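Chain by chain, the residues:
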Amino acid sequence: LLSLQKIAITLPSSFDLEKVLDQGVTQVQDLIDADIVTVLLAKPGTTSFLIVRGRGSAQKTLVNTDSLPRHISQAIEFNHSVSTDLSRAVRGFADEASIGAYCALRSRGFIVGIIAAEWRENRDVSQQTQILTGIADALGVAVDNARLFRDIRQQSASEERMRIARDLHDRTGSTLAFVGLELDRLIRNEDETDKKIELSEIRDQVTNTINEVREMLYDLRTGQDGENSLTQTVFEFAERVSSRAHIQVACDFSIPI
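Residues numbered from 1 in each chain as written. Predicted model: local features only at pLDDT ≥ 70, side-chain atom pairs only at ≥ 80, totals over all residues. Heavy atoms only, no water.

### Considerations on the overall build of the chain
Check the secondary structure of the chain and you find 6 helices and 6 strands. When its helices and strands are written in sequence order, the chain yields α-α-β-β-β-α-β-β-β-α-α-α. Counting only residues that meet the buried cut, the chain has 33% of its 257 residues in that class. Across the chain, the fraction of contacts at a sequence separation of at least 24, relative to all contacts at a separation of at least 6, is 50%. For the chain, the accessible area works out to roughly 16,100 Å², and carbon and sulfur atoms hold 53% of it. (Helix = DSSP H or I, 4+ residues; strand = E, 2+ residues; numbered from the N terminus. Buried < 20%, exposed > 50% of the residue type's maximum accessible area, 1.4 Å probe, protein only. Contact = heavy atoms within 4.5 Å. Areas by Shrake-Rupley, 256 points an atom, 1.4 Å probe, with all protein chains shown as cover.)

Here's what the structure looks like:
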C-alpha cells in the first residue's frame, strides 16, 4: 500500500510525457522486480498502439489491436492486470520471457495505453500482478495529463504564431509597403531639398519598424529560460511599456495581511 501511495504521488507530478514514461518504467522495475517493462500508448483515432518504452529485447514498433496476443487483449477488456505463462506458442513482448503481467492504462474512461511486466524465469507473480494494477491506474492518469498538457502547449504555440503573423502583416508589412511607395515617389522627385526632408522621415519609419520587430523577438524570448521570477518578468515588461509608450507604469507586489 505504501508503494502504491508513492506511485500515486510521484507519477502525476510531471506534465512532461517522456519523464512520466521513464519514471513509470523505473517504478515498475523497482517495485515488482520485472526484468522487461514495455509501455504502449494508444494512437488517437486508430486501433493501434505504439511501443514507446521497452527494456530487455522488447522491440519498439507499431502494433494493431487485432494482432495482440489473447492474454494481452484481455488486459484491455478487464479492469485489472492479467498474468500468464509464456512460451513459443504464447508470446509476450520479449522472446526470452517465461511469464508476464499486463494491464491497460486508463483515464477518463478511455484506454490510453498498455503496460507489460515480464520475467525471464518462471515464478509466482500473483502479488506483482496486483501491484501492477495500482501502478497502471496512476500511470494512466499521468500519461493522459501529460498528453493534455502537450496539446495545450501546442495550441498556445499555434495561437502565438498566428498573432505574430497578424502583427507582421498589419504593422510591419504595411509600414514597409509605405516605405516602398515613398521611395518610388522620391525617385521621381527632382527637388533635392524635399528629398532630404522626406528621406529623413522615411528613415524614422524604418527605425520604428526595426524597433517593433525587436519587440516581437523579445516577447518570444522572454520567460523561455525560466530563470526570471514572475516579479522580475512583470517589472521588465512595465519598464518596456513605459519607455515605448511614454506611460508611467507602477508595480506593487505587496501582499495584504
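### With respect to the nonpolar core
The biggest cluster of nonpolar side chains holds 27 residues, and the ones touching the most others in it are Val28, Val39, Ile115, Trp119, Leu132 and Val143. If one sorts the elements of this core by residue count, helix H4 (residues 126–188) sits on top with 7 residues. Once you skip the residues sitting within four places of it in the chain, Val143 turns out to touch Leu17, Val20, Leu21, Leu41 and Val112. If you look at the next biggest cluster of nonpolar residues, it comprises 18 residues, including Ile72, Ala75, Phe93 and Tyr102. (Core = buried A, V, L, I, M, F, W, Y, C linked by side-chain atoms within 4.5 Å.)

### Quick look at the pairing of strand S6 (residues 110–119)
Most of S6 is tucked away: 8 of the 10 residues are buried. Examined bridge by bridge, strand S5 (residues 99–107) and S6 share 9 bridges and lie antiparallel to one another. By the bridge assignment for S6, Ile99 is matched with Trp119. Connecting S5 to the next strand, S6, in antiparallel fashion are 2 residues, including Arg108 with a positive phi near 55 degrees. (Pairing = 2+ DSSP bridges.)

### Overview of the environment of Phe78
Here Phe78 shows up in the loop between helix H3 (70–77) and strand S4 (82–85). Counting along the chain gives 26 residues from Phe78 to Ala104, while the straight-line C-alpha distance between them is 8.0 Å.

### Overview of the pattern of salt bridges
Enumeration according to the criterion identifies 7 salt bridges in this entry. Of the charged contacts, one joins Arg123 and Asp33 as a salt bridge, the two residues approaching to 3.9 Å between their closest N and O atoms. Residue Arg123 is located in the loop between S6 and H4, and its partner Asp33 is located in the loop between helix H2 (17–32) and strand S1 (36–42); the two are separated by 90 residues in the primary sequence. We classify Asp33 as partly exposed; its relative accessible area is 48%. A salt bridge links Glu96 to Arg120, with the nearest nitrogen and oxygen atoms 3.3 Å apart. Linking Glu96 in the loop between S4 and S5 with Arg120 in the loop between S6 and H4, this pair joins segments that are 24 residues apart in sequence. Taking the relative accessible area as the measure of exposure, Glu96 reaches 29% and is therefore partly exposed. (Salt bridge = Lys/Arg side-chain N within 4 Å of Asp/Glu carboxyl O.)

### Some words on a nonpolar patch on the surface
Taken together, the side chains of Leu230, Val234, Phe235 and Phe253 make up a nonpolar region of the molecular surface, amounting to roughly 360 Å² of accessible area. Along the chain, Phe253 turns up in the segment after helix H6 (230–245). With a relative accessible area of 36%, Phe253 lands in the partly exposed category. (Patch = residues over 30% accessible without salt bridge, like charges linked within 9 Å, V, L, I, M, F, W, Y side chains within 5 Å.)

### Section: the side chain of His71
Note that His71 resides in helix H3. Among the residues examined, His71 registers a relative accessible area of 9% and is labelled buried. Within the structure, His71 has its side chain in polar contact with the backbone oxygen of Arg91 (distance 3.0 Å). When sequence neighbours within four positions are dropped, the list of residues in contact with His71 reads Val82, Thr84, Leu86, Val90, Arg91, Gly92 and Tyr102. (Polar contact = N/O pair within 3.5 Å; in protein donor to acceptor, adjacent residues only side chain to side chain.)

### What about the pairing of S5?
A large share of S5 lies buried, amounting to 8 of its 9 residues. Examined bridge by bridge, S4 and S5 share 4 bridges and lie antiparallel to one another. Residue pairing in the sheet places Thr84 in a bridge with Gly100 of S5.

### Some remarks on the sheet that holds S1
Strand order in the open sheet made by the 6 strands is S3-S2-S1-S6-S5-S4, with antiparallel pairing throughout. Whereas interior strands pair on both sides, the edge strands pair on one side only; in this sheet they are strand S3 (62–64) and S4. Averaged over all pairs of adjacent strands, the angle between strand axes in this sheet comes to 25 degrees, irrespective of strand direction. Sheet strands touched by H2: S1, strand S2 (48–54) and S6. Its angle to S1, the strand with the most contacts, is close to 145 degrees. Across the sheet, H3 is in contact with S2, S4, S5 and S6; its angle to S5 comes to roughly 30 degrees. (Axes fitted to C-alpha atoms, helices over the stretch in contact; angles between N-to-C directions.)

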